[in-house]
Amino acid sequence: MIPDGQLLIRLKNAYGERTEEIVRGFGVRRKSTLRANTLKASDEEIAFALSEAGIAYERIGSAFAVDPDHETRVRALPEYANGSLYMQNPSSMIPPLVLGAKAGENILDMCAAPGGKTSQIAALTGNGAFITACEKDRIRAKRLKHNLTLLGVRRVNVMLTDSSKLDPAMKFDRILLDAPCTGSGTVAPRSPGKYSEKLLAGCVRAQRALIKRAVTLLKKGGTLVYSTCSLLPEENEEAAAYAVTLGAETEKIDLRPERARLLCCGTRGALLIAPDEYYEGFFVAKFVVG
Ligand code: SAM
């Protein structure tokens, strides 16, 4: 799977010889992956449901990985229909783990639809955190509300808004900024992506505006987690460097995602995951704002 010419040039500039490995990762047929929504079902219950349906799975951290040919069978399970399981790539499961939200805290999810990470944050805190989940696209916000209800998320306030314009008087203990991005880490045989230089410029602009507002919305000592499903330094390391110019301090991420191959990353302590048969290409950085 050879990515768009301009994207390939940018990847080669950033990764040199390792671009080959990235391009190979784009070409493999990625497993379909899911997690138990622990607000409704345990890992054991989901494992049992998959086994009963004759769907073989592997465990990758908290994810279940199944053959992509079996995805329709997963989606036909009652556990899918009733929100006991959620289809999500294991890369996308990392930011909520890194965020470390605790019951009783005020959490902001700045770019929340369709709600995978919002619902994971709720599950990790046993519905104990107070979550403000923002989304600026009306249709996606509707989907977000639907998913959060289906998944049994409570103590969540969904806001249809541009998060870069949130009232700076609002204050949060932790903020997840899962930013809109080019999706350059998710290129796959059946979804080549729509990379363009114009898209990149627009994403970088939006990311900077969101980071700027995020920093003002954190309580003193609060945690910001920034993530993208992109492999481009402009959206990752350079965005992280921008956060640092605004007073954020990078904090080392200790989590080591199971079986993930990490790419060398210019932001100390951040995670940059190479695409492969399990993981989409993904970047996660953590900051404390003093
Ligand atoms: N966090 C989501 C999840 O795990 O399901 C995925 C988020 S997706 C990468 C980015 C989302 O941010 C899109 O739904 C997009 O419409 C929304 N978005 C983009 N710019 C935004 C802004 N300024 N304010 C709020 N939402 C925004």
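Quick caveat: nothing in here was measured; it's all calculated off a predicted structure. (Residues numbered from 1 in each chain as written. Predicted model: local features only at pLDDT ≥ 70, side-chain atom pairs only at ≥ 80, totals over all residues. Heavy atoms only, no water.)

Draft legend 1. Looking closely at the packing of aromatic side chains. Counted under the stated rule, the structure contains two aromatic pairs. Relative to Phe 64, the ring of Tyr 57 has its centre 5.3 Å away and its plane inclined at 70°; by these criteria the two rings are edge-to-face. On the basis of an interplanar angle of 70° and a centroid distance of 6.4 Å, the ring pair of Tyr 226 and Phe 283 is categorised as edge-to-face. Note that Tyr 226 is positioned in strand β9 (residues 218–228) and Phe 283 in strand β12 (residues 282–289), a separation of 57 residues in sequence. (Phe/Tyr/Trp six-rings, centres within 6.5 Å; stacked < 30°, edge-to-face > 60°. Helix = DSSP H or I, 4+ residues; strand = E, 2+ residues; numbered from the N terminus.)

Draft legend 2. Structural context of the site of the ligand. Within the structure, the ligand sits among 19 residues, and Glu 135, Arg 140, Asp 162, Ser 163 and Asp 178 are positioned closest to it. Between the ligand and Cys 111, the relevant distance is 2.9 Å, taken from a nitrogen atom to a main-chain nitrogen or oxygen of the residue. Protein contacts shield 86% of the accessible area of the ligand, which totals 600 Å² for the unbound molecule. Taken together, the residues that form the shell around the ligand break down as eight nonpolar, four polar and seven charged. (Near = heavy atom within 4 Å. Polar contact = N/O pair within 3.5 Å; in protein donor to acceptor, adjacent residues only side chain to side chain. Areas by Shrake-Rupley, 256 points an atom, 1.4 Å probe, with all protein chains shown as cover. Nonpolar A, V, L, I, M, F, W, Y, C, P; charged D, E, K, R; others polar.)

Draft legend 3. Up close: the state of the cysteines. The tally for this structure, following the rule as stated, stands at zero disulfides. The structure places no disulfide on Cys 111, whose sulfur is separated from the nearest cysteine sulfur, that of Cys 134, by 8.4 Å. Taking the relative accessible area as the measure of exposure, Cys 111 reaches 17% and is therefore buried. (Disulfide = S-S within 2.5 Å. Buried < 20%, exposed > 50% of the residue type's maximum accessible area, 1.4 Å probe, protein only.)

Draft legend 4. Representation of helix α8 (residues 138–150) within the structure. The terminal C-alpha atoms of α8 lie 18 Å apart, and with 13 residues this matches the ideal 18 Å at 1.5 Å per residue to within 8%. Within α8 the residues assigned to the buried category are Ala 141, Leu 144, Asn 147 and Leu 148. Buried residues in α8, looked at end-on, bunch into an arc of 125°, giving them a common side. Of the exposed residues in α8, the ones pointing more than 90 degrees away from its buried face are Arg 138, Ile 139, Lys 142 and Thr 149. In the core, the buried residues of α8 are packed alongside β4 (85–87), α7 (116–124), β6 (130–135) and β7 (156–160). Within two residues after α8, Gly 152 carries a phi angle of roughly 75°, on the positive side. (Expected span 1.5 Å × (residues − 1). Arc of directions from axis to C-beta. Contact = heavy atoms within 4.5 Å.)

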